[in-house]
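As a plain string of letters, each chain reads:
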Amino acid sequence: MALMWVIKCKAAVAWEPNKPVVIEEIEVAPPQANEVRIKIVATAVCHSDLYHLFEGMNKDGFPTVLGHEAAGIVESVGPGVTEFQPGDKVIPIFLSQCQECHLCKNPKTNQCAVAWTRIHQETMSAVESRFTCKGKRVLQFMGTSTFSEYTVVHQMAVAKIDPAAPLDKVCLVGCGISTGYGAAVNTAKVEPGSTCAVFGLGAVGLAAVMGCKAAGAKRIIAVDINPEKAEKAKVFGATDFVNPKDHDKPISEVLTEMTNGGVDYSVECVGNVQVMRSALESSAQGWGVSVIVGWTTLHDIAIQPIHLISGRTWKGSLFGGFKSKDGVPKMVKAYLDKKLKLDEFITHNMTLDQANDAIELMKNFCMKCL
Ligand SMILES: NC(=O)c1ccc[n+]([C@@H]2O[C@H](COP(=O)([O-])OP(=O)(O)OC[C@H]3O[C@@H](n4cnc5c(N)ncnc54)[C@H](O)[C@@H]3O)[C@@H](O)[C@H]2O)c1
Ligand SMILES: [Zn+2]
Ligand SMILES: [Zn+2]
């Protein structure tokens, strides 16, 4: 049996909601049965990290180590792990795929019955944690906690990827890119020649634009209240950019006029219930499909039933509808085969010590937060 020891390493600890994270030395316990300890090589910031810190602010979800979009190398494995070995390149995933439950066995969904028993939706934290800091237990955000040099993740939430993959790029597959791309391709099931609208152009929305393009959409209308997002959206295939602030009318009316009756597919990538409603109302009477991707637990949504009665379909998408362990290696392969853009999403390269700067940068890019 391999010798197992506690690792002391650096991590960005969020002690309290709405406060800067603090770079601390933490203790990372050895992996227990069916767990994998991973050396994190690269991590990105997703709006869901900011949501927990600044919007949800559930006190029971702190102290925690944020981060769930990363790539790394297996350092050691716990008892019962046969799929992974030290040295494997891996991507941890916030959505597990146990491969045994009735949901995992059904090709119609990427939900896993075990997923939300391991991670509390309200606190966005795993029930278990292998982290301590200054004698206190520190939670593992979404079961991953990648703003740390090392982390421990259950093997049902780890995907092994091609050893040739550059980890500083493919880390993005761990959340935003799979989420947005899959929402268009797997959930909306965008058809060739169709017209699409994507609301919110962070990594998730830009990846949704890329997914619409890959699926053969003829017209892709990118919608954001930040005018700086227009140019970037074109890089991923947007044909039009609309800033709701430039119009006196509701954005759904603007899009309905632009498209003579509404878009075939709309994807909401903001996490704002008003925008979710606008996205539905922008989709075409008769057959429009609208997909909710943005995350919030703070508000309910209201709509007029006529919008559904008249033939629209409203759907939601978690992790782009990809069964996580199956989908992630395929997305990485698509990048290596030059069928998927990743480099174009990267705006800054920073160190773990600059975690607060990265968080602030994302906040300043998102008009919802200003
Ligand atoms: N469903 C999932 O599996 C899943 C996975 C990852 C992220 N998410 C969620 O997806 C959303 C997007 O994440 P991200 O990392 O791309 O965020 P981001 O902060 O990078 O981007 C959000 C974008 O929305 C724009 N925006 C804000 N208000 C708007 C409005 N009223 N109309 C149009 N645009 C508006 C912002 O300017 C910004 O460009 C978040 O809610 C995040 O929590 C969901
Ligand atoms: Zn995310
Ligand atoms: Zn399962």
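In this text the structure is predicted, and so the values were computed from the model without any measurement.

Section: the coordination of the zinc ion (ligand 3)
Point 1. At 2.3 to 2.4 Å from the zinc ion (ligand 3) lie its protein donor atoms, namely Cys-98 (SG), Cys-101 (SG), Cys-104 (SG) and Cys-112 (SG).
Point 2. Classification of the site at the zinc ion (ligand 3) as tetrahedral follows from its 4 donor atoms and the range of 103 to 121° in their angles at the metal.
Point 3. Each donor residue of the zinc ion (ligand 3) lies on the same chain, and together they follow the pattern C-x2-C-x2-C-x7-C. Here the residue Cys-98 occupies a position in the loop between strand 6 (89-92) and helix 2 (115-118), and Cys-112 occupies one in the loop between strand 6 and helix 2, the gap between them amounting to 14 residues. Across this residue pair, the class does not change: Cys-98 and Cys-112 are buried.

Examining unusual backbone geometry
Point 1. Residue Pro-63 is bonded to the preceding Phe-62 through a cis peptide linkage, with omega at -10°.
Point 2. The backbone phi angle of Lys-189 is positive, close to 55°, even though this residue is not glycine.
Point 3. Structurally, Lys-189 can be placed in the loop between helix 4 (176-188) and strand 13 (195-199).

Concerning the sheet that holds strand 17 (residues 289-292)
What links the strands of a sheet is backbone hydrogen bonding, and the strands pair in either a parallel or an antiparallel sense.
Point 1. Pairing is parallel across the open sheet formed by 6 strands, whose spatial order is 15-14-13-16-17-18. Lying at the two open borders of the sheet, with one neighbouring strand each, are strand 15 (240-242) and strand 18 (313-316). Going from strand to strand, the sheet's axes swing by 20° on average, the running direction of each strand aside.
Point 2. Bridging between strand 14 (residues 219-223) and strand 15 involves 3 bridges; their strand directions are parallel. Considered in strand 15, the bridge of Ala-222 is made with Phe-241.
Point 3. Contacts from helix 5 (residues 203-214) reach strand 13, strand 14 and strand 16 (265-268) within the one sheet, and its direction differs from that of strand 13 by about 170°.

Quick notes on the site of ligand 1
Point 1. Lining the immediate surroundings of ligand 1 are 30 residues, of which His-47, Ser-48, Asp-224, Val-293 and Phe-319 lie closest.
Point 2. Taking His-47, its side chain carries an N or O atom lying 2.5 Å from an oxygen atom of ligand 1.
Point 3. Within the complex, 94% of the 880 Å² of free accessible area of ligand 1 lies under protein.
Point 4. Elements represented by at least two residues in the shell around ligand 1 include exactly helix 1 (47-56), helix 5 and helix 11 (355-365).
Point 5. In the shell around ligand 1, the residues fall into 18 nonpolar, 9 polar and 3 charged.

What about the layout of surface pockets?
Point 1. By volume, the second largest pocket amounts to about 260 Å³.
Point 2. Lining the second largest pocket are 14 residues, with Lys-108, Thr-109, Asn-110, Asn-186 and Gly-321 sitting closest to its centre.
Point 3. Looking at the lining of the second largest pocket residue by residue, the classes come out as 2 nonpolar, 8 polar and 4 charged.

Digging into the UniProt feature "domain: Alcohol dehydrogenase-like N-terminal" (unreviewed entry) in the protein
Point 1. The UniProt entry lists residues 33-161 under the feature "domain: Alcohol dehydrogenase-like N-terminal" (unreviewed entry), expressed in the numbering used here.
Point 2. Across residues 33-161, the secondary structure splits into 11% helix and 35% strand, with the terminal C-alpha atoms separated by 22 Å.

Notes on the nonpolar core
Point 1. Judged by nonpolar contacts, the single largest core of 92 residues is most densely connected at Val-170, Ile-177, Val-190 and Leu-340.
Point 2. A total of 7 residues in this core trace back to one element, the largest contributor, which is helix 5.
Point 3. Not counting residues within four places of it along the chain, the set of residues in contact with Val-190 comprises Ala-184, Val-185, Cys-196, Cys-212, Ala-215, Ala-217 and Tyr-265.
Point 4. In terms of nonpolar packing, the next biggest core, distinct from the first, is built from 12 residues, Val-36, Ile-38, Val-90 and Ala-157 among them.

Details of the UniProt feature "domain: Alcohol dehydrogenase-like C-terminal" (unreviewed entry) in the protein
Point 1. Feature annotation in UniProt assigns "domain: Alcohol dehydrogenase-like C-terminal" (unreviewed entry) to the following positions: residues 203-326.
Point 2. Secondary structure across residues 203-326 divides into 35% helix and 16% strand, with the first and last C-alpha atoms of the span separated by 22 Å.

A look at the side chain of Ser-178
Point 1. Tracing the backbone through its elements, the reader meets Ser-178 in helix 4.
Point 2. We classify Ser-178 as buried; its relative accessible area is 0%.
Point 3. At 2.6 Å, the side chain of Ser-178 forms a polar contact with the backbone oxygen of Val-173.
Point 4. Excluding residues that lie within four positions of it along the chain, Ser-178 makes contacts with Leu-172, Val-173, Ala-183, Phe-319, Gly-320, Phe-322 and Met-331.

So, the environment of Gly-143
Point 1. By secondary structure assignment, the location of Gly-143 is in the loop between strand 10 (136-140) and strand 11 (150-154).
Point 2. Residue classification places Gly-143 among the buried residues on the basis of a relative accessible area of 6%.
Point 3. As for Gly-143 and Asn-34, which are separated by 109 residues in sequence, their C-alpha atoms are 14 Å apart.
Point 4. With sequence-adjacent residues up to four places away left out, Gly-143 is seen in contact with Ile-119, Ala-126, Val-152 and Val-153.

A look at the packing of aromatic side chains
Aromatic rings considered in pairs are described by the distance between their centres and by the relative angle of their planes.
Point 1. Within the structure shown, the criterion is met by 2 aromatic pairs.
Point 2. Ring geometry for Phe-94 versus Phe-319: centroids 5.6 Å apart, planes at 90°, classification edge-to-face. A residue pair is termed long-range when its members are at least 10 positions apart, and Phe-94 in the loop between strand 6 and helix 2 and Phe-319 in the loop between strand 18 and helix 10 (324-336) qualify at 225 residues.
Point 3. Judged by its relative accessible area of 8%, Phe-94 falls in the buried class.
Point 4. In this structure Phe-319 comes out as buried when scored by relative accessible area, which is 1%.
Point 5. Between the NZ or CZ atom of Lys-363 and the centre of the ring of Phe-54, over which it lies, the distance is 3.9 Å.

About the criteria used
- Residues numbered from 1 in each chain as written.
- Chains lettered and ligands numbered in written order.
- Predicted model: local features only at pLDDT ≥ 70, side-chain atom pairs only at ≥ 80, totals over all residues.
- Heavy atoms only, no water.
- Donors = N, O, S within 2.8 Å, 3.2 Å for Na, K, Ca; no water.
- Tetrahedral: all angles 85-135°; square planar, octahedral: opposite > 155°, others 65-115°.
- Helix = DSSP H or I, 4+ residues; strand = E, 2+ residues; numbered from the N terminus.
- Buried < 20%, exposed > 50% of the residue type's maximum accessible area, 1.4 Å probe, protein only.
- Pairing = 2+ DSSP bridges.
- Axes fitted to C-alpha atoms, helices over the stretch in contact; angles between N-to-C directions.
- Contact = heavy atoms within 4.5 Å.
- Near = heavy atom within 4 Å.
- Polar contact = N/O pair within 3.5 Å; in protein donor to acceptor, adjacent residues only side chain to side chain.
- Areas by Shrake-Rupley, 256 points an atom, 1.4 Å probe, with all protein chains shown as cover.
- Nonpolar A, V, L, I, M, F, W, Y, C, P; charged D, E, K, R; others polar.
- 1 Å grid on protein atoms, 1.4 Å probe; cavity = no way out; pocket = protein on both sides within 12 Å on 5 of 7 lines; lining within 4 Å.
- Points joined across faces, edges and corners; volume = space filled by probe spheres on them.
- UniProt positions renumbered as here; feature names shortened; annotations may be inferred.
- Core = buried A, V, L, I, M, F, W, Y, C linked by side-chain atoms within 4.5 Å.
- Phe/Tyr/Trp six-rings, centres within 6.5 Å; stacked < 30°, edge-to-face > 60°.
- Lys NZ or Arg CZ within 6 Å of the ring centre and 35° of its normal.

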